[in-house]
There are 2 protein chains.
Amino acid sequence: MAKTSTPLISGDKLNRAAQNILEVAGQLFAQGGYDGVSINEIASEAGVSKANIFHHFRSKEGLYLAALNKACSHSARVLEDKPIDSADDPSDRVRNFLSSHLEVLLERPLASRLIQRELLDGAEGNGKQLAEKVFADTFEKITEMVRDAQAQGAIKSTVDASLLAFLMVGANVFFFENRALLARLPGIDFAGSPAQYSETVFELLAHGFNGKG
Amino acid sequence: MAKTSTPLISGDKLNRAAQNILEVAGQLFAQGGYDGVSINEIASEAGVSKANIFHHFRSKEGLYLAALNKACSHSARVLEDKPIDSADDPSDRVRNFLSSHLEVLLERPLASRLIQRELLDGAEGNGKQLAEKVFADTFEKITEMVRDAQAQGAIKSTVDASLLAFLMVGANVFFFENRALLARLPGIDFAGSPAQYSETVFELLAHGFNGKG
DNA sequence: GTCTATAGGCCGATAGAC
DNA sequence: GTCTATCGGCCTATAGAC
């Protein structure tokens with residue numbers, strides 16, 4: 001269990017005004033994307049002048065990176081704190097991961113969205129590297145958990161651990177990104193309840209759809 | 001099998017120059033998003049003047065909608081044509097869907113990306129409705145396929161058909177969106193081969209990870 | 001640290017010649 | 001149908017008073 005805890009330094013020693021700007025910027029960037037939000041809007045929403053923003057942050061890109069950095073720090077820290085390994089049964093650890101991970105995504109939806117957005121359409125550069133590190137770390141952690149479960153005989157050794165990890169993360173992210181649309185479609189039982197979704201996904205992944213059960 | 005074939009009229013009666021503009025615009029919008037691409041860039045890339053674009057298309061938004069419409073038409077038509085139902089074994093139909101759907105996504109990656117982008121960050125409006133219709137139709141079609149397979153005893157009746165459909169679409173979309181990053185991560189066998197990915201996902205979904213197999 | 005004022009540039013969209 | 005030239009507006013970023 002190597003601990004490569006690159007700190008992903010957040011804006012911790014910023015004063016109240018700067019923190020406020022960062023907070024507002026994070027929300028707006030998450031909703032509108034980098035190009036879709038102007039410094040004017042952020043200034044207006046934060047109740048400060050445009051020049052004040054440029055006093056606290058080098059440039060629009062600097063502000064964006066600071067907001068993304070904050071979101072990534074939060075996401076990494078929360079996943080680190082979640083006691084996934086607390087359960088004794090390795091199968092329960094997988095079950096717990098599925099629900100915990102989805103809860104983390106839903107807990108701070110705008111931070112999650114900011115990271116997802118950067119992964120999907122961010123230009124190559126500092127921002128994308130940050131977001132990709134969050135993705136890779138999450139992915140690595142869950143892959144490791146699957147391998148442990150395989151070593152203990154709770155998961156078939158024939159299953160590709162990274163594939164199962166990828167499917168689990170994907171199932172959660174896909175639910176997170178499409179939950180609004182899902183709720184509008186008719187006849188979807190799991191749309192409104194993340195906990196129910198997690199449990200049903202676990203059952204399906206565990207036992208498969210094959211047969212007449 | 002109700003056939004609600006709303007045509008999603010594409011720019012079929014456009015002349016060569018306009019088609020060219022539409023093609024270029026579709027590519028650039030897919031890569032950069034609506035706000036990330038200017039009419040100047042499209043004009044330059046297409047080899048025409050900016051005024052010419054406004055001659056053929058009412059506005060920037062009109063051009064964007066035409067490009068999105070074209071992508072949606074393609075996506076809907078291809079899914080309609082794919083002979084998913086050709087297999088006799090309902091289990092094979094599910095297997096075929098997984099690989100066919102992923103192939104469709106990868107066949108025209110920019111069109112797929114344009115639709116995905118609109119689903120994720122598009123403002124409420126005509127564009128989002130178009131993209132959501134494509135999503136909903138795909139989702140409905142595959143749900144129906146799962147229900148058929150259940151009726152024939154190939155899939156457990158206890159499985160939630162819409163959940164399985166959602167997981168299958170999600171597994172493919174998540175692979176499509178993250179394939180570049182996936183290829184950069186170490187130790188991922190399925191990253192470079194969509195066919196292998198589809199097959200492995202099918203096996204896992206069919207039999208589950210439970211047990212010592 | 002916070003503000004007003006403004007520089008300088010690119011934007012979407014239009015006018016009008018050919 | 002295609003162009004050049006241009007308009008008014010909004011953008012990021014800076015200057016300088018307080």
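Because the structure is predicted, anything quoted here is derived from the model rather than measured.

**Considering the interface of chain B and chain A**
Think of interface size as the accessible area that goes away when the parts come together; that is how it is often given.
Right, on to step 1. At the junction of the two partners, chain B supplies 55 residues and chain A supplies 55 residues.
Right, on to step 2. Roughly 5,300 Å² of surface becomes buried between chain B and chain A when both sides are summed, with 68% attributable to carbon and sulfur atoms.
Right, on to step 3. Among the residues of chain B in contact with chain A, Phe166(B), Phe174(B) and Phe209(B) are the three that bury the most area, contributing 16% of the side total.
Right, on to step 4. Across the chain B-chain A interface, the total number found is four salt bridges.
Right, on to step 5. Salt-bridge contacts for Glu132(A) lead to Arg184(B); the nearest nitrogen and oxygen are separated by 2.7 Å.

**Here we look at helix H9 (residues 194-207) of chain A**
Spacing of three or four residues puts side chains on the same side of an α-helix, whose turn is 3.6 residues.
Right, on to step 1. For H9(A), built from 14 residues, the straight-helix expectation of 20 Å at 1.5 Å per residue is met to within 8% by its first-to-last C-alpha distance of 20 Å.
Right, on to step 2. Within H9(A), the full set of buried residues consists of Tyr197(A), Ser198(A), Val201(A), Phe202(A), Leu204(A), Leu205(A) and Ala206(A).
Right, on to step 3. On its buried face, H9(A) is in contact with helix H5 (90-107) and helix H8 (161-184) of chain A together with helix H8 (161-184) and helix H9 (194-207) of chain B.
Right, on to step 4. Following H9(A) by one or two positions, Gly208(A) has its phi on the positive side, about 80°.

**Regarding the protein's contact with DNA strand C**
Right, on to step 1. DNA strand C sits among 17 residues. The nearest are Ser49(A), His56(A), Lys50(B), Phe54(B) and Lys60(B).
Right, on to step 2. Each atom of DNA strand C within 4 Å of the protein was classed as base or backbone; sugar and phosphate made up 59%.
Right, on to step 3. The side chain of His56(A) places a nitrogen or oxygen atom 2.8 Å from a phosphate oxygen of DNA strand C.
Right, on to step 4. In this structure, Ser38(B) approaches DNA strand C through a side-chain N or O atom, which is 3.1 Å from a phosphate oxygen.
Right, on to step 5. Looking at the surface near DNA strand C, the elements that each hand over two or more residues are helix H3 (50-56) of chain A together with helix H2 (39-46) and helix H3 (50-56) of chain B.
Right, on to step 6. For the surface near DNA strand C, the class distribution of residues is seven nonpolar, eight polar and two charged.

**Some details on the side chain of Lys128(B)**
All names here are of chain B.
Right, on to step 1. With respect to the secondary-structure elements, Lys128 resides in helix H7 (residues 126-151).
Right, on to step 2. Engagement of the side chain of Lys128 in a polar contact is seen with the backbone oxygen of Gly122, the distance being 3.1 Å.
Right, on to step 3. Residues contacting Lys128, with those up to four places away along its chain left out, are Glu118, Leu119, Gly122 and Ala123.

**Concerning the relation of the copies chain B and chain A**
Right, on to step 1. Once chain B is rotated about the relating axis by 180° and shifted along it by 0.0 Å, it coincides with chain A to within an RMSD of 0.1 Å. These values place the two chain copies in the arrangement generated by a two-fold rotation axis. For chain B, the smallest separation between a C-alpha atom and the rotation axis is recorded for Gly208(B), amounting to 2.0 Å.
Right, on to step 2. By residue overlap, the copies meet face to face through one surface: 100% of the interface positions of chain B are interface positions in chain A.

**Remarks on the packing of aromatic side chains**
Right, on to step 1. The full count for this structure, using the stated rule, is 24 aromatic pairs over all chains.
Right, on to step 2. Centroid distance Phe190(A) to Phe166(B): 5.8 Å. Interplanar angle 55°. Geometry classified as tilted. With Phe190(A) in the loop between H8 and H9 and Phe166(B) in helix H8, this residue pair bridges two chains.
Right, on to step 3. For Phe190(A), a relative accessible area of 1% translates into the label buried.
Right, on to step 4. An angle of 90° between the planes, with centres 6.4 Å apart, marks the rings of Phe139(B) and Phe166(B) as edge-to-face. One end of the pair, Phe139(B), is in helix H7; the other, Phe166(B), is in helix H8, and 27 residues separate them in sequence. The same class applies to Phe139(B) and to Phe166(B), which are both buried.
Right, on to step 5. Joined through ring pairs, the aromatic side chains of Phe135(A), Phe139(A), Phe166(A), Phe174(B), Phe175(B), Phe190(B) and Tyr197(B) make up one cluster.
Right, on to step 6. Just above the ring of Tyr34(A) sits the side chain of Lys60(A); from NZ or CZ to the centre is 4.5 Å.

**Here's the deal with the protein's contact with DNA strand D**
Right, on to step 1. Near DNA strand D you find 17 residues, and of these Ile39(A), Lys50(A), Lys60(A), Ser49(B) and His56(B) are the closest.
Right, on to step 2. By atom count, sugar and phosphate contribute 55% of the portion of DNA strand D lying within 4 Å of the protein.
Right, on to step 3. One of the backbone nitrogen or oxygen atoms of Ile39(A) is found 3.0 Å away from a phosphate oxygen of DNA strand D.
Right, on to step 4. Note that a base nitrogen of DNA strand D is positioned 3.2 Å from one of the side-chain N or O atoms of Lys50(A).
Right, on to step 5. Contributing elements (two or more residues each) for the surface near DNA strand D: helix H2 (39-46) and H3 of chain A together with H3 of chain B.
Right, on to step 6. In terms of residue count, H3(B) provides more of the surface near DNA strand D than any other element does, four residues in total.
Right, on to step 7. When the residues that make up the surface near DNA strand D are grouped by side-chain class, the tally is seven nonpolar, eight polar and two charged.

**A word on the environment of Ala76(B)**
Residues and elements named next belong to chain B.
Right, on to step 1. Structurally, Ala76 can be placed in helix H4 (residues 60-81).
Right, on to step 2. The class of Ala76 is partly exposed, set by a relative accessible area of 32%.
Right, on to step 3. Along the chain, Ala76 and Lys133 lie 57 residues apart, while their C-alpha atoms are 9.4 Å from each other.

**A closer look at the domain arrangement of chain A**
Residues and elements named next belong to chain A.
Right, on to step 1. Partitioning chain A into structural domains gives domain 1 (11-65) and domain 2 (70-207).
Right, on to step 2. Taking the mean C-alpha position of each, domain 1 and domain 2 sit 29 Å from one another.
Right, on to step 3. Taken together, the contacts link eleven residues of domain 1 with eight residues of domain 2.
Right, on to step 4. The tally of links from domain 1 across to domain 2 stands at one salt bridge.
Right, on to step 5. Residue Glu23 is joined to Lys70 by a salt bridge in which the shortest nitrogen-to-oxygen separation is 2.9 Å.
Right, on to step 6. Put simply, the parts of the chain that give the side of domain 1 that touches domain 2 at least two residues each are helix H1 (16-32) and helix H4 (60-81).
Right, on to step 7. Tallying contributions element by element places H1 first for the side of domain 1 that touches domain 2, with eight residues.
Right, on to step 8. Taken together, the residues of the side of domain 1 that touches domain 2 sort by class into five nonpolar, five polar and one charged.

Here is what the cut-offs are and how they apply
Residues numbered from 1 in each chain as written. Chains lettered and ligands numbered in written order. Predicted model: local features only at pLDDT ≥ 70, side-chain atom pairs only at ≥ 80, totals over all residues. Heavy atoms only, no water. Contact = heavy atoms within 4.5 Å. Buried area = accessible area lost by both parts, 1.4 Å probe. Salt bridge = Lys/Arg side-chain N within 4 Å of Asp/Glu carboxyl O. Helix = DSSP H or I, 4+ residues; strand = E, 2+ residues; numbered from the N terminus. Expected span 1.5 Å × (residues − 1). Buried < 20%, exposed > 50% of the residue type's maximum accessible area, 1.4 Å probe, protein only. Near = heavy atom within 4 Å. Polar contact = N/O pair within 3.5 Å; in protein donor to acceptor, adjacent residues only side chain to side chain. Nonpolar A, V, L, I, M, F, W, Y, C, P; charged D, E, K, R; others polar. Least-squares fit on C-alpha atoms with pLDDT ≥ 70 in both. Phe/Tyr/Trp six-rings, centres within 6.5 Å; stacked < 30°, edge-to-face > 60°. Lys NZ or Arg CZ within 6 Å of the ring centre and 35° of its normal. Domains from an automatic or database assignment.

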